[in-house]
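The residues making up each chain are set out below.
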Amino acid sequence: MSTTSDTIKQTKKKKPRLAGKRKELYESLKEQLEINDNYNNYTEDLLQDYLTMYDTKCMLAQDIRERGVSIEYDNGGGQKGSRNNPSIDLYNRTNAQMIKLLDALGLKPSKMSKPQYDGDDDDEL
């Protein structure tokens, strides 16, 4: 039976498909800091911390998608059952810290770039 740390180690081994999104996120946040005349070594370090949390959040989300919100356990003493996936709590705490860090940088999530509207309202279901 794999543990949470085993799953996170396994997830680390997989190269995330986030390189483009991560770079886009970095550039967007850096640009906002420069516009606010708040880009310096300190805020760059905080920005790197934010990206590390972003990577962690993505790995946790992948674990939740793969294992679900409830996971089976066997404690080896004859007890078996299911419990909440601990990645859910870690995901929520990581997300909360990311929001606090954006606040410390003087950025608001609503200021971040949003997907461009392509004018097509006829989405098929």
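Since the model is a prediction, treat every value here as computed from it, not as a measurement.

*Asks:* I would appreciate a short explanation of the packing of helix α3 (residues 41-67) against helix α4 (residues 86-104) in the present structure.
*Replies:* Helix-helix packing: each pair is described by the crossing angle between the helix axes and the interaxial distance. It is the contact of α3 with α4, at a shortest axis distance of 9 Å, that shows an interaxial angle of 155 degrees. In terms of orientation, α3 and α4 fall into the roughly antiparallel class. The way α3 lies across α4 gives a crossing that is left-handed. Together, L46, D49, Y50, M53, Y54, T56, K57, L60, A61, D63, I64 and R67 of α3 and P86, S87, I88, L90, Y91, T94, N95, Q97, M98, L101 and L102 of α4 make up the contact between the two elements. When its residues are assigned to classes, the contact of α3 with α4 shows 14 nonpolar, 5 polar and 4 charged.

*Asks:* Help me out: how do you make sense of α4 in this one?
*Replies:* The periodicity of an α-helix, 3.6 residues per turn, causes residues three or four places apart in sequence to face the same way. Between its first and last C-alpha, α4 extends 27 Å over 19 residues, near the 27 Å set by a 1.5 Å rise per residue. Residues of α4 that are buried include every one of S87, T94, M98, L101 and L102, and no others. Each buried residue of α4 lies within a common arc of 100 degrees when the element is viewed along its axis, so the set occupies one face. Among the exposed residues of α4, those pointing more than 90 degrees away from its buried face are K100, D103 and A104.

*Asks:* Looking at this structure, how should I read the environment of Y26?
*Replies:* With respect to the helices, strands and loops of the structure, Y26 is situated in helix α2 (residues 19-35). Residue Y26 is classed as buried on the basis of its relative accessible area, which comes to 16%. Between the alpha carbons of Y26 and L51 there is a distance of 7.3 Å; along the sequence they are 25 residues apart. Those residues in contact with Y26 that sit more than four places away from it in its chain are Y39, E44, L47, Q48 and L51.

What counts, and at which threshold
Sequence order as written defines residue numbering, which begins from 1 separately in each chain. A pLDDT threshold of at least 70 governs which residues receive local features in this predicted model, and a stricter bar of 80 or more applies before side-chain atom pairs are shown or counted, although totals over entire chains, interfaces and linings include all residues. Note that water and hydrogens are dropped before the side-chain values are worked out from all heavy atoms of the structure. Only the stretch in contact is used when fitting a helix axis, every axis being a line fitted to C-alpha atoms; angles between N-to-C directions are given from 0 to 180 degrees. Counting from the N terminus, the helices are DSSP H or I runs at least four residues long and the strands are E runs at least two residues long. Roughly parallel here means an angle under 35 degrees, roughly antiparallel means over 145, roughly perpendicular means 65 to 115, and every remaining angle is called oblique. If you view the pair so one helix is near and one far, a crossing is left-handed when the near helix is turned anticlockwise from the far one by less than a right angle, and right-handed when it is turned clockwise. Should any heavy atoms of two residues lie within 4.5 Å, those residues are counted as being in contact. Ten residues, namely Ala, Val, Leu, Ile, Met, Phe, Trp, Tyr, Cys and Pro, are considered nonpolar, four, namely Asp, Glu, Lys and Arg, are considered charged, and the remaining ones, Gly among them, are considered polar. Expected span of a helix, by definition, is 1.5 Å for each gap between consecutive residues, and there is one gap fewer than residues. Only protein chains enter the calculation, and the probe is 1.4 Å; a residue is then buried if its accessible area is under 20% of its type maximum, exposed if over 50%, and partly exposed in between. The directions considered for the arc run from the helix axis to the C-beta atoms.

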